[in-house]
Amino acid sequence: MNKNNDTSFMKRGLGLLAILRPKQWIKNLFVLSPLVFSGNLTNTSAIVDAVIATVFFCIASSAVYIINDYHDIEKDRLHPVKSKTRPLASGAVSKPAAIILFVILVAFLFVGGYILSAALPIIIVYFFINLLYTFYLKHKPVIDIFTIATGFVLRVYAGAMGINVEVSTWMFVTTLCLALFLASVKRKKELTGSGSAGRKVLDKYSVELVDKYAQMSSMGALVFYSLFVLSERSELAATIPFVIYGLYRYWYSVDQLDMGESPTDALYSDWQLGMTVVLWAASCAYIIVTAS
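Definitions and cut-offs
- Residues numbered from 1 in each chain as written.
- Predicted model: local features only at pLDDT ≥ 70, side-chain atom pairs only at ≥ 80, totals over all residues.
- Heavy atoms only, no water.
- Helix = DSSP H or I, 4+ residues; strand = E, 2+ residues; numbered from the N terminus.
- Rg over C-alpha atoms; globule rule 2.2 N^0.38 Å.
- Buried < 20%, exposed > 50% of the residue type's maximum accessible area, 1.4 Å probe, protein only.
- Contact = heavy atoms within 4.5 Å.
- Lys, Arg positive; Asp, Glu negative; His and termini not counted.
- Charge placed at Lys NZ, Arg CZ, Asp CG, Glu CD.
- Axes fitted to C-alpha atoms, helices over the stretch in contact; angles between N-to-C directions.
- Parallel < 35°, antiparallel > 145°, perpendicular 65-115°, else oblique.
- Left-handed = near helix turned anticlockwise from the far one by under 90°.
- Nonpolar A, V, L, I, M, F, W, Y, C, P; charged D, E, K, R; others polar.
- Phe/Tyr/Trp six-rings, centres within 6.5 Å; stacked < 30°, edge-to-face > 60°.
- Lys NZ or Arg CZ within 6 Å of the ring centre and 35° of its normal.

*Asks:* What's the story with the overall build of the protein in this structure? I'm lost.
*Replies:* Check the secondary structure of the protein and you find 14 helices and zero strands. The C-alpha atoms of the protein give 20 Å as radius of gyration, which agrees with the globular expectation for 292 residues (19 Å, within 12%). Residues classed as buried in the protein amount to 47% of the 292 residues present. Pairs at least 24 apart in sequence give 68% of the contacts found in the protein among residues at least 6 apart. Of note, the protein has its 25 positive side-chain charges centred 7 Å away from the centre of its 19 negative side-chain charges.

Next up, the structure:
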């Protein structure tokens, strides 16, 4: 009897953890980019502030995921994959438990107001934009892609506000283009995988259209990153090949390895892509620290 209770408790615990989508927290590493590119990697106070901002962004994003799963529970139950992987749709987490967890996360965000006086407003804006996305904007073509991309720009902005530094507009535009690329590829894979059955908004797109979006966005990300490096951080010119290879490798993973519907899954599954990102980040950090 006790063994059964322990097993049930463990399953509920794993379900509550899964509803937070910790695998998606890797996206919040964008919050740390101003710390790296501002040359504050040796500033202990800045590191602590940046990490705290990242943690609270994880809390906010997990709260949004709960609302999204709660809102889409009936639709997810009809989906062949989400019906098994989404804790609410699969029954691993009950609706009352999800609501309680959501309230706890929001309470933590209020606590964050005493710690993150500068970055918290940006995190709150992110939170409400994503709520709007869940209930309305994700049904609007083009706007849905830009809303996803805006979330990444806000991550960078929150990171800058958290450590009180200015960020180059090149970085914001580069982030926007990269996020638009990832969102466009995601829509393409959804279209080629399940058609418009997965999302209502996909009725408004075609594979050819989102492929053009992806091509334009990836080129923009490369061009703007190169302009940022050459105009403001010329010592980082050696990192440009990592960016080019990363874009090539991700597109290869999408087209040939059948990844891309979830960029985070592609990053975790394709070791070459993951290694490229790690090498790029490490190179940027090393070059900036040694140059300052």
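Moving on, there is more to tell.
*Asks:* It is not clear to me how the packing of helix α3 (residues 44-71) against helix α8 (residues 120-135) should be interpreted in this structure. Could you clarify?
*Replies:* Describing two packed helices takes the angle between their axes plus the distance from one axis to the other. Put simply, α3 and α8 touch, their axes get as near as 10 Å, and they point 15 degrees apart. Considering their axes alone, α3 and α8 lie roughly parallel with respect to each other. The element α3 and its partner α8 pack so that their crossing is right-handed. Two secondary-structure elements touch here, α3 through A53, F56, F57, A60, S61, A63, V64, I67, N68 and H71 and α8 through I123, Y126, F127, N130, L131, T134 and F135. For the contact of α3 with α8, the per-class residue count stands at 12 nonpolar, five polar and no charged.

*Asks:* How do you make sense of unusual backbone geometry when you look at a structure like this?
*Replies:* Glycine aside, negative phi is the norm for most residues, and most peptide bonds take the trans geometry. A positive phi angle, near 75 degrees, is found at V142, a position not held by glycine. Mapped onto the elements of the fold, V142 is located in the loop between α8 and α9 (143-163). Here V142 falls in the partly exposed class, since its relative accessible area comes to 34%. If you check the backbone angles, N164 has positive phi at about 60 degrees while not being a glycine. Among the structural elements, N164 can be located in the loop between α9 and α10 (169-194).

*Asks:* Got a minute to help me understand the packing of aromatic side chains in this structure?
*Replies:* Taken as a whole and assessed by the stated rule, the structure comprises 12 aromatic pairs. For the ring pair F102 and F127, a centre distance of 6.3 Å and an interplane angle of 20 degrees mean the geometry is stacked. Here F102 is found in helix α7 (residues 95-112), whereas its partner F127 is found in helix α8, with 25 residues between them in sequence. With respect to class, F102 is no different from F127; both count as buried. Through pairs of rings, three or more aromatic residues link up here, namely F37, Y225, F228 and W280. Stacked on the ring of F152, the Lys or Arg R155 has its end atom at 4.8 Å from the ring centre.

*Asks:* What is the right way to look at the side chain of N28 in this model?
*Replies:* With respect to the helices and strands, N28 occurs in the loop between α1 (2-19) and α2 (33-37). Residue classification places N28 among the buried residues on the basis of a relative accessible area of 0%. Setting aside residues up to four positions removed in sequence, N28 forms contacts with T54, F57, C58, S61 and R155.

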